[in-house]
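Given next are the chains, with one letter for each unit.
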Amino acid sequence: MSQRMRIFVVPAIAMGLLVPVALAQKPPAPPPAPPPSPTPSRPANSPPPSSEPDQRMDDLVMFLRGRVATNDGTRLPHDVLVERVCYNGVRQQLYASPQGDFSMQLGSRADSFLDASGDRASQSGVARKDTDMGIPRRELLNCELRASASGFHSSVIGLMEFTAPDRNIDVGVIVVQRAAKIEGLTLSATPYKAPRDASRAYEKGVEAERNGKLADARKYFEQAVKVYPRYAIAWFQLGTVLQKEEQNDAARKAYIQATIMDTKFLPPYLSLALMAYRAENWTEVLELTGHILDLNPLNQAAATGYILDLDPLNYTEAYFYNAVANYKLNKIEDAEKSALKAEHLDLRTRFPHVHLLLAEIFARKNNYAMAILEIKTYLDLAPHAKDVDHVREQLAKLEKLNGSVSTSEKPDQM
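Definitions and limits used
Here the residue numbers are simple positions, counted from 1 along each chain's written sequence. In view of the model being predicted, local features appear only for residues whose pLDDT reaches at least 70, and side-chain atom pairs are presented and counted only at 80 or more, with totals across whole chains, interfaces and linings using the full set of residues. Side-chain measures were taken over the full set of non-hydrogen atoms in the model, leaving aside hydrogen atoms and water. Within this document, salt bridges are pairs made up of a side-chain nitrogen of Lys or Arg and a carboxyl oxygen of Asp or Glu, the two lying within 4 Å of each other. Secondary structure follows DSSP: runs of H or I at least 4 residues long count as helices, runs of E at least 2 residues long count as strands, and numbering of each begins at the N terminus. Each residue is placed in one exposure class: buried if its accessible area under a 1.4 Å probe, protein chains only, is under 20% of its type's maximum, exposed if it is over 50%, and partly exposed if it falls in between. Each Phe, Tyr or Trp ring, with Trp reduced to its six-membered ring, pairs with another whose centre is within 6.5 Å; inter-plane angles below 30 degrees give stacked pairs, above 60 give edge-to-face pairs, and intermediate values give tilted ones. Cation placement over rings: the criterion is NZ of Lys or CZ of Arg within 6 Å of the ring centroid and within 35° of the ring normal. Should DSSP find at least two bridges between two strands, the strands are taken to pair. All axes here are fitted lines through C-alpha atoms, helices being fitted over the stretch that makes contact, and every angle between N-to-C directions spans 0 to 180 degrees. By the counting scheme adopted, Arg and Lys are positive, Glu and Asp are negative, and His together with the chain ends is not counted. In protein, a polar contact means a hydrogen-donor-capable atom and an acceptor-capable atom, both N or O and within 3.5 Å, with residues adjacent in sequence counting only if both atoms are side-chain atoms; elsewhere, any N or O pair within 3.5 Å suffices. It only takes one pair of heavy atoms within 4.5 Å for two residues to be counted as in contact. Here, nonpolar core refers to any group of buried Ala, Val, Leu, Ile, Met, Phe, Trp, Tyr and Cys residues whose side-chain atoms link them within 4.5 Å. Within a predicted model, pLDDT stands for the predictor's per-residue confidence, ranging from 0 to 100. Expected helix span is given by 1.5 Å per residue-to-residue step, counting one fewer step than there are residues. As used here, the arc belongs to the directions running from the helix axis to the C-beta atoms.

### Section: the pattern of salt bridges
Argument step 1. For the structure shown, the criterion picks out seven salt bridges.
Argument step 2. The partner of Glu284 in a salt bridge is Arg252, with the nearest N and O atoms 3.1 Å apart. One end of the pair, Glu284, is in helix H7 (residues 282-294); the other, Arg252, is in helix H5 (residues 248-261), with 32 residues separating them in the sequence.
Argument step 3. By relative accessible area, which is 18% here, Glu284 ends up buried.

Following this line, the structure appears as structure tokens:
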């Protein structure tokens, strides 16, 4: 599925490249001879004694910290296991707290499951005298963290990207998704009924779009839906390509055709909701997002089929559009409910403007303290946004209002 255009931009954090610390070793004096046996003070391939302590301390990692959270904000199971996997093998495991927090001590025997590197010399050749000293950073280059819990699928965090010279690394959030079956939401078999010619055309279209050849991609998708008119995902991909080519009217027609072919295939509904949002057609936004949220697995209880059509994190987008539409139509309570849901689900903070929306809602209810908190959260998430100056002005006004309210309440409290 191709990526849709986003209207909000979360500043990207530039990551430096990890520069491994080379272990210097003096060659043996001529004539050539077998390398000397290591002395008791240091291994044969370690740096000179004067540089060893600093190098070891600077390049050791002692703790990996983070938390595990569900994609829908529900309670975690009691037996969430966090695993460090290196070279496709589990090297270390520990249980997260009931709140999902974890702190994995590296090179220690204190964990529930022994770190495989804790009872032997590390790959650097430096003998471990103290098993609580951590492990060399380069040993994490081919490692990742994941969570394991019955009935859940886990995201994976690669440790290669954490290059800052910190001995304690905060890896952020490991997101687990409930593998629930949803009543009435069985995966449509329509794509699997497509004739071979249609399937081949669709696959060629996906490949062409991936390579940036939009004209070729459009031709293949058009061919796929011509051969098999009920090919909902091909209609959706055709709409995506047309939208990239700025043929919005044609894209809208393709998206609508996809919804006609399969009402349970949700991505075209979200694309149409975005188009309606940009056109400020709030009634249509409510209708489209309402359809998505009605089929949201998080709102269903029974279990007879899977829904695999929409990335669960995209429900944040649907809730956000729904909240804005409700607010514009003066349905404040519904707007607050959807905005709080979007805020709760936005683990990757892709929609910082939801905090400004909540600030407006709370200010409208004279809850200035909460409005101030939401604005400060927005400024933390988007410090370089174009509207920062205006937002800071609003924050100053709210702080004055909150101060006057606090002053007026003091006599009553006394």
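### As for the packing of aromatic side chains
Argument step 1. Taken as a whole, this structure holds 10 aromatic pairs when the rule is applied.
Argument step 2. Aromatic side chains Tyr202 and Phe221 sit 5.7 Å apart centroid to centroid with 50° between the ring planes, which places their arrangement in the tilted category. A residue pair is termed long-range when its members are at least 10 positions apart, and Tyr202 in helix H2 (residues 196-210) and Phe221 in helix H3 (residues 214-227) qualify at 19 residues.
Argument step 3. For Phe221, a relative accessible area of 0% puts it in the buried group.
Argument step 4. Every member of this aromatic cluster is reached through a ring pair, and the members are Tyr277, Trp282, Phe320, Tyr321 and Phe351.
Argument step 5. Taking NZ or CZ as reference, Arg65 lies 4.6 Å from the ring centre of Phe63, over its face.

### Considerations on the sheet that holds strand E3 (residues 81-86)
Strand pairs in the sheet, formed through backbone hydrogen bonds, run parallel or antiparallel to each other.
Argument step 1. On the basis of which strands lie adjacent, the open sheet formed by four strands has the order E4-E3-E7-E9 and antiparallel pairing. The open sheet is flanked by strand E4 (89-95) and strand E9 (156-158), the only strands paired with a single partner. Each adjacent strand pair in this sheet contributes to an overall mean axis angle of 20°, direction not counted.
Argument step 2. Across six bridges, E3 lies against strand E7 (residues 143-148) in antiparallel orientation. Directly across from Leu81, in E7, lies its bridge partner Ser148.

### Some details on the side chain of Glu374
Argument step 1. Position of Glu374 among the secondary structure elements: in helix H11 (residues 368-381).
Argument step 2. For Glu374, which is buried and forms no salt bridge, the nearest opposite charge comes from Lys365, at a distance of 12 Å.
Argument step 3. A distance of 2.8 Å separates a polar atom in the side chain of Glu374 from a polar atom in the side chain of His355.
Argument step 4. Excluding residues that lie within four positions of it along the chain, Glu374 makes contacts with Glu343, His355, Leu358, Ala359 and Phe362.

### Topic: the nonpolar core
Argument step 1. Counting 73 residues, the largest nonpolar core has Tyr231, Phe320, Tyr321 and Ile375 as its most contacted members.
Argument step 2. Residue contributions to this core peak at nine residues, all from helix H8 (residues 315-328).
Argument step 3. In terms of nonpolar packing, the next biggest core, distinct from the first, is built from 26 residues, Val82, Ile135, Cys143 and Phe152 among them.

### As for the confidence of the model for the protein
The predicted coordinates should not be examined in detail at positions where pLDDT is low.
Argument step 1. With 68% of its residues at a pLDDT of at least 70, the protein reaches an overall mean of 75.
Argument step 2. Here residues 1-57 is a poorly scored stretch, pLDDT under 50, and it has 78 contacts once near neighbours within four places are set aside; other chains count.
Argument step 3. This stretch, residues 180-187, has a pLDDT under 50; its non-local contacts, to residues over four places away or in other chains, come to 31 contacts.

### Looking at H5
Argument step 1. Taking 1.5 Å of rise per residue, 14 residues should cover 20 Å, and H5 covers 20 Å from first to last C-alpha, within 8% of that figure.
Argument step 2. All of the buried residues along H5 are Ala251, Ala254, Tyr255, Ala258, Thr259 and Met261. The buried residues of H5 occupy one face: seen down the axis, they fall within an arc of 165°. Of the residues in H5, the exposed ones pointing more than 90 degrees away from the buried face are Asp249, Lys253 and Ile260.
Argument step 3. Check the buried side of H5 and you find it contacts helix H4 (232-244) and helix H6 (267-278).

### A few points about the environment of Gly89
Argument step 1. Relative to the elements of secondary structure, Gly89 occurs in strand E4.
Argument step 2. The sequence separation of Gly89 and Cys143 amounts to 54 residues, and the corresponding C-alpha distance is 9.1 Å.

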